[in-house]
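Overview (structure and organization)
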Amino acid sequence: MADAPDATVATTTDHEAAAGSSASLATGKPVSTPNLTFATIKHGGDRTFRAGAYAAAAIVVLLVLFVGIFLAVIATPSLRHDTVNFFTSTQWNVGTDTLQFGIAGLLWTTALIAVVAMLLAVPVAVGTALLITQYVPGRVGSTIGFVIDLLAAVPSIIFGLWGLKLLGPFLGPFYDWLQHVLGWIPLFSKGVESTGNVLTASIVLAIMVLPIVSAISRDVFAQTPRDHIEAALALGATKWEMIRIAVIPYGRSGVIAASMLGLGRALGETIAVMIILSQTNTPGINVSLFAGGETFASKIANNAQEFDSPAKTGAYIAAGLVLFVLTFAVNAVSRIVADRKVS
Amino acid sequence: MAASGSGPALACPAGAITGEGSTAQTNAIQQIIASYNDACANKAKIEYNATGSGAGVKNFNAGLVDFGGSDSALSTAEHATALARCKSNEAWDLPMVVGPVAFSYNLKGVSKLVLNGDVLAKIFMGQIKAWNDPAIAALNSGVTLPSTAISVFYRSDDSGTTDNVSLFLKANAPTVWTADHSKTWKGKGGEGKNGSAGVAQAVAATDGAIGYLEWSFATDNKLGIAQLDMGSGGVALNADSVGKALEAATITGTGNDLTLKLDYATKAAGAYPAILVTYEIVCSAGLDSAKTAIVKDFLTYFASDAGQNSLSGVGSAPLPASLRAKVNTSIQAIK
């Protein structure tokens with residue numbers, strides 16, 4: 001800067017001296033002064049923002065860690081005094097001195113409800129996402145999308161009551177028919193008398209996860225590169241063929257990630273399941289879709305008001321710990337899938 | 001001073017008291033608090049936190065609340081702790097709210113059904129599976145029972161109602177209902193539903209269903225309530241029959257402590273013994289005078305005709321006159 005050969009540059013660098021001088025230097029002044037101030041602010045802001053972002057991330061990570069530690073600490077004494085195998089037993093006697101509790105039944109019901117819910121929800125969600133992004137004009141599409149998203153705003157207790165009082169009784173005759181025709185398959189064998197069964201809970205859960213899966217699928221399908229679509233069409237593909245060879249492969253990993261998020265939601269859903277699903281006390285696991293049962297979350301919620309001893313609390317928290325790990329695993333898998341780039 | 005003509009003469013002192021405990025009496029006590037406030041133009045502030053009987057006793061003994069509410073009277077050890085809490089004065093258990101259990105059923109074409117403890121225990125243990133079982137028919141001569149399968153519904157959440165039902169079953173059919181009484185249902189088979197509301201809904205929706213409910217849930221949902229045959233014919237659930245069962249109870253408390261020992265298998269004529277009694281636990285003396293005045297006045301209203309009769313809407317039966325007189329004597333003896 002010192003040896004500036006040019007007069008214009010000289011005036012600008014030398015602005016302190018020139019500060020009070022004529023207006024002809026106006027072009028140099030406003031550029032240089034704000035430049036200097038701006039540089040310092042930018043630096044400080046940068047640092048603050050970076051620190052803030054780190055702090056935010058640290059808080060979240062620590063929170064998850066603390067929840068995990070909290071669960072483990074409370075669960076450990078009870079787990080140590082559990083007189084049956086925690087992973088394979090279906091018993092749950094925690095009110096007395098001898099603790100007998102196992103999660104086999106809870107795990108089965110939780111997994112079955114969540115998986116069936118996903119089997120029902122994903123095709124519908126993908127279908128609506130394709131309709132919205134590929135078939136109907138933008139305005140109609142966003143209206144449909146808005147309506148689907150509204151489902152996410154309904155409280156789960158409303159879904160639960162709806163499933164218990166309306167959907168279940170309405171589907172009763174269909175369940176009877178299904179049991180009559182397919183009863184020889186264990187999955188469709190006789191379960192509980194009422195319609196408070198796994199299938200009703202799954203259908204309600206499917207509706208609840210629909211907006212999650214649908215919204216994310218919509219976003220990924222909408223991002224299919226124009227080139228891919230036009231290339232497919234130029235090769236003479238019909239609309240369906242274009243979707244099959246261009247849109248679906250592009251969005252596949254996104255849809256899988258969306259489903260995993262939905263699955264996490266389905267695994268942890270509490271109130272709706274608690275209200276709909278009948279508890280049973282027959283020993284062992286009934287694998288049927290028409291059986292009752294309890295999920296991890298519904299069992300804990302159902303009994304949370306009567307946690308009167310540390311041993312009892314610990315047993316339920318141990319079940320909560322398994323759900324925590326399970327959800328964690330599902331989210332991790334969805335992460336891996338989502339990170340895998342499109343073919 | 002009292003708003004209603006039949007109400008007791010109330011002093012209506014100003015101030016605030018807090019009670020805590022049993023969830024079984026929540027509706028009853030809220031109702032009483034509301035009508036007491038009406039009668040006293042809201043001069044006193046009375047709060048009741050329904051946190052469970054255990055918590056109620058614990059916090060009463062810790063001096064955190066002015067009275068406790070509990071499904072069971074104080075144990076000897078709890079009485080000892082209460083002695084310290086009430087400044088070397090005894091604490092008294094006063095039976096205040098009587099909540100009967102309704103065995104509700106839903107059976108097409110059957111509007112009157114009589115059951116007894118033994119048959120109920122066998123139904124709940126899955127030993128009687130159809131409505132036309134000879135054991136049920138024997139109690140219901142003249143009634144055509146369908147061959148519908150029995151669907152049992154119980155509470156999936158731990159509850160005092162379940163505890164009470166198992167006490168009743170154990171007393172009447174000890175060889176069939178072998179499990180100890182507990183807040184967790186120990187029956188075999190059937191389906192658990194969340195809360196009384198869940199059980200009531202399931203019974204209402206299922207032909208052939210039976211379940212146990214707090215009285216108000218059975219009447220609110222217009223469900224059939226089985227009569228109990230304790231040896232001399234069916235007894236319907238009503239204020240009168242519940243009162244008779246209470247009169248059959250013995251008072252095991254000493255002096256003004258009115259701890260009751262219920263006889264779940266009483267043979268007293270016209271008694272319906274499937275009931276739950278909840279107590280208010282109070283210091284006989286030792287609380288500061290302003291609070292004592294409110295406690296006494298509030299409980300006086302609670303035990304009055306007007307107070308007790310207003311509870312039918314929330315599923316409680318009024319205390320019988322004989323017991324009410326004793327409760328009132330105790331209340332007036334609080335210093």
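Residues numbered from 1 in each chain as written. Chains lettered and ligands numbered in written order. Predicted model: local features only at pLDDT ≥ 70, side-chain atom pairs only at ≥ 80, totals over all residues.

Turning next to the overall build of chain A. The helix and strand inventory of chain A stands at twelve helices and two strands. Counted from the first residue to the last, chain A has its helices and strands arranged as α-α-α-β-β-α-α-α-α-α-α-α-α-α. Across the 343 residues that make up chain A, the buried fraction comes to 35%. For chain A, long-range pairs separated by at least 24 residues make up 75% of all intrachain contacts whose partners lie at least 6 apart in sequence. (Helix = DSSP H or I, 4+ residues; strand = E, 2+ residues; numbered from the N terminus. Buried ≥ 20, exposed ≤ 12 C-beta atoms within 10 Å, placed from the backbone. Contact = placed C-beta atoms within 7 Å.)

All right, on to the nonpolar core then. Leu94, Phe103, Ile275, Val282 and Val295 of chain B are the most contacted members of the largest nonpolar core, which has 103 residues in total. Here this core gets ten residues from one element, more than from any other, and that element is strand β4 (residues 91-106) of chain B. Residue-level mapping places this core at the junction of two domains, with at least three residues from each of domain 1 (15-99 + 278-332) and domain 2 (100-241) of chain B. Dropping the residues within four chain positions of it, Phe103 of chain B is found in contact with Leu115, Leu120, Ile210, Tyr212, Ile225 and Ala226 of chain B. Formed by 73 residues, the second largest nonpolar core is a distinct cluster that contains Val192, Leu199, Ile203 and Ile275 of chain A. (Core = buried A, V, L, I, M, F, W, Y, C linked by C-beta atoms within 7 Å. Domains from an automatic or database assignment.)

With that out of the way, let us pick up the sheet that holds strand β11 (residues 234-235) of chain B. Spatial ordering of the open sheet is given by β5-β10-β11 (chain B), a layout of three strands whose pairing is mixed. Every interior strand has two partners, whereas the edge strands, β5 (114-115) and β11 of chain B, have only one. (Pairing = 2+ DSSP bridges.)

Residue and element names in this part refer to chain A. Entries for chain A in the domain assignment read domain 1 (3-80) and domain 2 (92-342). On the domain 2 side, the residues contacting the nine residues of domain 1 number ten residues. In the side of domain 1 that touches domain 2, the residues fall into seven nonpolar, two polar and no charged. (Nonpolar A, V, L, I, M, F, W, Y, C, P; charged D, E, K, R; others polar.)

Here we come to the interface of chain A and chain B. In this complex, chain A contributes 20 residues to the contact, which on the side of chain B involves 20 residues. Secondary-structure elements contributing two or more residues to the side of chain A that touches chain B are α6 (156-182), α10 (271-276) and α11 (296-303) of chain A. Here the side of chain A that touches chain B gets three residues from one element, more than from any other, and that element is α6 of chain A. In the side of chain A that touches chain B, the residues fall into five nonpolar, eleven polar and four charged.

Residue and element names in this part refer to chain B. Domain assignment breaks chain B into domain 1 (15-99 + 278-332) and domain 2 (100-241). The distance between the C-alpha centroids of domain 1 and domain 2 comes to 31 Å. Between domain 1 and domain 2, the residue contacts involve nine residues of the former and six residues of the latter. Looking at the side of domain 1 that touches domain 2 residue by residue, the class counts come to five nonpolar, three polar and one charged.

Here we come to the packing of helix α9 (residues 239-268) of chain A against helix α12 (residues 310-339) of chain A. Residues and elements named next belong to chain A. The N-to-C vectors of α9 and α12 enclose an angle of 170 degrees; their axes lie 8 Å apart at closest approach. One way to sum up the angle between α9 and α12 is to call them roughly antiparallel. Of the residues in α12, those touching α9 at Ser253, Ile256, Ala257, Met260, Leu261, Leu263, Gly264, Leu267 and Gly268 are Leu323, Leu326, Thr327, Val330, Asn331, Val333, Ser334, Val337 and Ala338. Residue classes in the contact of α9 with α12 are distributed as twelve nonpolar, six polar and no charged. (Axes fitted to C-alpha atoms, helices over the stretch in contact; angles between N-to-C directions. Parallel < 35°, antiparallel > 145°, perpendicular 65-115°, else oblique.)

So, on to the environment of Asp207 of chain B. Residue and element names in this part refer to chain B. Relative to the assigned elements, Asp207 resides in the loop between α7 (195-205) and β8 (209-214). A tally of 14 C-beta atoms within 10 Å means that Asp207 is categorised as partly exposed. Sequence separation between Asp207 and Val165 is 42 residues, and the spatial gap between their C-alpha atoms is 22 Å. When sequence neighbours within four positions are dropped, the list of residues in contact with Asp207 reads Asn106, Leu107, Lys108 and Thr148.

Once that is clear, we can look at helix α7 (residues 198-222) of chain A. Its 25 residues give α7 of chain A an end-to-end C-alpha distance of 35 Å, which sits within 8% of 36 Å, the value for a rise of 1.5 Å per residue. The buried fraction of α7 of chain A amounts to 22 of the 25 residues, a majority that puts the element mostly inside the structure. (Expected span 1.5 Å × (residues − 1).)

Residues and elements named next belong to chain A. It is the contact of helix α5 (residues 138-150) with α7, at a shortest axis distance of 8 Å, that shows an interaxial angle of 150 degrees. You can see that α5 and α7 cross each other, and the crossing is left-handed. Each of Gly145, Ile148 and Asp149 in α5 lies in contact with α7, whose residues at this interface are Leu210, Pro211, Ser214, Ala215 and Arg218. (Left-handed = near helix turned anticlockwise from the far one by under 90°.)

Confidence in the prediction for chain A averages 84 pLDDT; 87% of positions are at 70 or higher. Low confidence marks residues 1-31 of chain A, where pLDDT is under 50. Its contacts with residues over four positions away, or in another chain, come to 13 contacts. (pLDDT = per-residue confidence, 0-100.)

Residues and elements named next belong to chain B. Structurally, Ala204 is set in helix α7. It is 9.4 Å that separates the C-alpha atoms of Ala204 and Gly224, two residues lying 20 residues apart in sequence. Apart from residues no more than four positions distant in its own chain, Ala204 is found in contact with Asn106, Asn221 and Leu223.

Residue and element names in this part refer to chain B. Residues Phe67 and Gly69 of strand β3 (residues 67-70) are buried on one face, and the alternating residues Gly68 and Ser70, pointing to the opposite face, are buried as well. Two elements, strand β1 (residues 15-21) and β3, share three bridges in a ladder whose sense is parallel. In the sheet register, Gly19 faces β3, and the bridge partner there is Phe67. In terms of strand pairing, β3 meets strand β14 (residues 275-283) through three bridges, oriented antiparallel. If you follow Ser70 over to β14, its bridge partner there is Tyr279.

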